[in-house]
Amino acid sequence: MEDGFSSYSSLYDTSSLLQFCNDDSASATSSMEVTDRIASLEQRVQMQDDEIQLLKSALADVVRRLNLSEEQQAMGSRRGPTKARPMIATLPVRPTVNNGTVLPKKGSSTLPSPAGSGSRKDASPATNKSTVRRANSNEHVGTLTRKDSGDSKGNRTRAGSTGSNSSGKRSDSKQRDPVFNAGMRRVTHCKEEGYVKMFLKGRPVTMFMPKDQVESYSLEARGELPSNKLKLDWVYGYRGRDCRSNLYLLPTGETVYFIASVVVLFNVDEQLQRHYTGHTDDIKCLAVHPDKITIATGQVAGTSSDGKLAPHVRVWDSVSLNTLQVLGTGFFDRALVCLAFSKSNGGNTLCVVDDSNDHVLSVWDWQREERLAEAKCSNESVFAADFHPTDSNVVVTCGKSHLYFWTLEKGLLVKKQGLFEKQEKPKFVLCVTFAENGDAITGDSSGNILVWGKGTNRISRVIQGAHEGSIFAVCMLRNGTLVSGGKDRRLVSWDGSYQQIQTVEVLESFGPIRTIAEGRGETVLIGTTKNFVLQGSLDGDFIPITQGHTDELWGLAVHPWKPQFLSCGYDRQVCLWDSSTHQLIWTKTLEDTAQSAGFHPSGAVVAVGTQTGRWLVLDTDSKDLVTVHTDGNEQLSVMRYGPDGNFLAIGSHDNYIYIYAVAENGRKYSRVGKCSGHSSFITHLDWSVDSQYLVSNSGDYEILYWIPSVCKQVVSAETTRDIEWFTQTCTLGFQVFGLWPDGSDGTDINAACRSNSKTLLVTGDDFGKVHLFSYPCSQFRAPSHIYRGHSSHVTNVSFLYDDSYLVSTGGKDMSVLQWRIV
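Throughout this description, residue numbers start from 1 for each chain and increase along the sequence as written. Predicted model: local features are reported for residues with pLDDT of at least 70 only, side-chain atom pairs are reported and counted for 80 or more only, and whole-chain, interface and lining totals are derived from all residues. Side-chain numbers here rest on the full set of heavy atoms in the structure, without hydrogens or water.

Draft legend 1. Focus on the environment of Gly 298. By the criteria applied, helices consist of DSSP H or I runs no shorter than four residues and strands consist of E runs no shorter than two, each listed in order from the N terminus. Tracing the backbone shows Gly 298 in strand β13 (residues 294–299). Accessibility expressed as a relative area gives 0% for Gly 298, which makes it buried. Taking C-alpha positions, Gly 298 is 6.3 Å from Arg 314, a pair spaced 16 residues apart along the chain. Excluding anything up to four places from it in sequence, Gly 298 contacts His 279, Asp 282, Ile 283, Lys 284, Cys 285, His 312, Val 313, Leu 336 and Leu 339. Residue burial is assigned from relative accessible area. The probe radius is 1.4 Å, only protein chains are included, and a residue is buried under 20% of its type maximum, exposed over 50%, and partly exposed in between. Here a residue-residue contact requires only that any non-hydrogen atoms of the pair lie within 4.5 Å.

The structure is reproduced here in structure tokens:
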């Protein structure tokens, strides 16, 4: 615990506070000018407020650690999942929304709750009608009304856990010839022939059951939920490519950032992650309250299997991970792009800019869920918005061709445009921060830093050519040092007179600097456009503490006997990860975009398929290239070695399955031939336990069986119905047909995987959900636990070799999520 408190003292230098408290230079008898005395007093008040927030944060972290310790003791005393214990009642009390439900305030509390936060109001109350008339938007979803806004469905009440619910429903059917209708899906059972027939988009899919189930099987039987559940364990990746100001260090020592629909709280020293999973789609912006405990995050409009999801802001507690408020459902359009809490009034107000055509700026009393004012900000992109540090009625926004100073007066936002006068107006004003004396500081696309006098809209200082190219981020450190970073990958520090102190350049492989945050002590945190989070000092090297992919992600393979997995995607990066240490083992850049991967049973090599028909084999230990081959000129969807390691099957989008004989422990390959028979592209492949048979699925819902050693199709149902399969990744088959949801068009499920214990089945769908079923999953409308975290289609899922963890990959969200089986 002492280490924890030492981390706080390194974040806040209390000696300077004592110096200010004993300094009477700002008193009435001082010879200082009135304006200087006011500025000095403001600075003193701010430092005292920082000290108070430090104490609050220390208390919050102590409570979190006690809670974690109690939970670990509970887990140690009994096997299986345990429920998190309630938080100690000494935390600041606010009505919370836990998984979509408003929780009442506790009857007794040692701390008062903020005024007016007791009951929820409509997001657009009748007494505060919108004064903004938006331009038409082709993607307008602001008027959507969804009862649960994605919260009450699919969530568990345990703090920090991912959602889970049962999706199983059963409709009555006739006793004779059972037939189930479900939207576009119709299922029939023929007991005489021993098969179940399912229709996807009007196409029949016949699935023969094992002989020992022909007499006993009933289509009307109810499937069971699995006894196991999933808990999000680790998130690999960071969204820096197209998001700004989304990286902060909390006084607890946790770095907070986001990717997909998950906010990550990462304690680098302890190598622990916690996760806020209240969002239902891509998070685009993040703000930290002055109390350093409350956090606000904004998401885009989304789509789920239940319909469309409205963009909104969620305000939540970073200690308990409980949702405090949900703002703007039905008001915001498309997405949220900027968020900021006020600083001088206790953080009571929140400014938000959405991604509508007019980029509407709105100011909220977030505790009362009351919108105080709104105005059209700009028809062009808005990149940053922030409150003035000493005046909660002043907001500064910047973006393409504009810098605006807004003043909140009697429910209206009054705008003053920044006057560039003799200074050449930049195409983009990209970032803004504030000096200790209240001056606004901006960085722009011309590489210039401009200082705007406090209370004015005029330039008082110009740092011409501060960077080569765009300045993406400016950050004012507590010691008064200004730090800027941008496209030139340089981190430059400036003193109080805006004289350059020193420059550090990050490696080209890390990419341009997107955002800067003050770290512990002398450290600085950097988020880059290549999705790295770097940690270092202004006079030293920067090392990555978080990294991930930078483009759509599809390939996933698990090591056959180590806690390792490999991911690859359209960024041409192949990454090998250690699931126990959560570290990147190695990464290799390919010439082509990658699509699929598979380990040899020995684990010595891994095969990677690309989108061009080329495939290559890499040495697992050294990442050296072993061999390269080309089959066709279309993407290779599946790379699958036989269990005995003697064959490799490659499923292509040219409708063929290419078979290679493998020798020398995966280092020598000779082509056997290709399996021809599918009328559409190959989607999934599985080998039999004895490596004698292969089953394949295709884009037009065919199930075909093969003898790969001779590339011949097997058409006899009596031969194939009792084959024991080594893996179960095919989404069509008798043992798995229950995974298909009502109304599916056959493309909703992208991937499936059976656990090695053969008791669980997991799927990834087009709506960012991971589903956990019992295996076999051979009952219509099988129930499942449902988990969210991804914000894009889940492209792949796989259990690790020992079933300790499950790994899932998101497509366009570029994230890799690791789930613990509990």
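Moving on from the coordinates now.
Draft legend 2. The pattern of salt bridges, seen in detail. Salt bridges are identified by distance alone: a Lys or Arg side-chain nitrogen within 4 Å of an Asp or Glu carboxyl oxygen. Tallied over the entire structure, the rule returns 21 salt bridges. Taking the shortest distance from any N to any O, the salt bridge between Glu 374 and Arg 371 comes out at 2.9 Å. For Glu 724, the salt bridge is made with Lys 758, and the minimal N-O distance between the two is 2.8 Å. Here the residue Glu 724 occupies a position in the loop between α4 (717–720) and β54 (749–754), and Lys 758 occupies one in the loop between β54 and β55 (760–765), the gap between them amounting to 34 residues. By relative accessible area, which is 47% here, Glu 724 ends up partly exposed.

Draft legend 3. Seen up close, the environment of Gly 302. Tracing the backbone through its elements, the reader meets Gly 302 in strand β14 (residues 302–304). Residue classification places Gly 302 among the buried residues on the basis of a relative accessible area of 8%. Here the alpha-carbon distance between Gly 302 and Ser 791, two residues 489 residues apart in the chain, equals 8.4 Å. In contact with Gly 302, other than residues within four places in its own chain, are Asp 281, Gly 307, Lys 308 and Leu 309.

Draft legend 4. Structural context of the environment of Glu 370. Along the chain, Glu 370 turns up in strand β21 (residues 370–376). For Glu 370 and Gly 328, which are 42 residues apart along the polypeptide, the C-alpha to C-alpha distance reads 9.3 Å.

Draft legend 5. Structural view of the confidence of the model for the protein. The predictor reports its confidence for every residue as pLDDT, a score running from 0 up to 100. Per-residue pLDDT for the protein has a mean of 85; in total, 81% of the residues score no lower than 70. In this model, residues 16–21 is a region of pLDDT below 50 whose contacts with residues beyond four sequence positions or in other chains number nine contacts. This model gives residues 135–177 a pLDDT under 50, and the stretch forms 112 contacts once residues within four places in sequence are excluded.

Draft legend 6. Representation of the packing of aromatic side chains in the model. Aromatic rings from Phe, Tyr and Trp, taking only the six-membered ring of Trp, are treated as a pair when their centres fall within 6.5 Å; an angle between ring planes under 30 degrees marks them as stacked, one over 60 as edge-to-face, and anything in between as tilted. Under the definition given, this model contains 24 aromatic pairs. Here Phe 510 and Phe 532 contribute two aromatic rings whose centre-to-centre distance is 5.0 Å and whose plane-to-plane angle is 55 degrees, an arrangement assigned as tilted. Taken together, the residues span a long stretch of sequence, with Phe 510 in the loop between β33 (500–505) and β34 (513–518) and Phe 532 in the loop between β35 (523–528) and β36 (533–537) at a distance of 22 residues. With a relative accessible area of 8%, Phe 510 lands in the buried category. Considering the side-chain rings of Tyr 656 and Tyr 658, the 6.2 Å spacing of their centres and the 65 degrees angle between planes classify their relative orientation as edge-to-face. Think of it as a cone above the ring: NZ of Lys or CZ of Arg counts as a charge over the ring if it is within 6 Å of the ring centre and within 35 degrees of the ring normal. Here Lys 674 stacks its cationic end above the ring of Tyr 656, 3.9 Å away from the centre of that ring.

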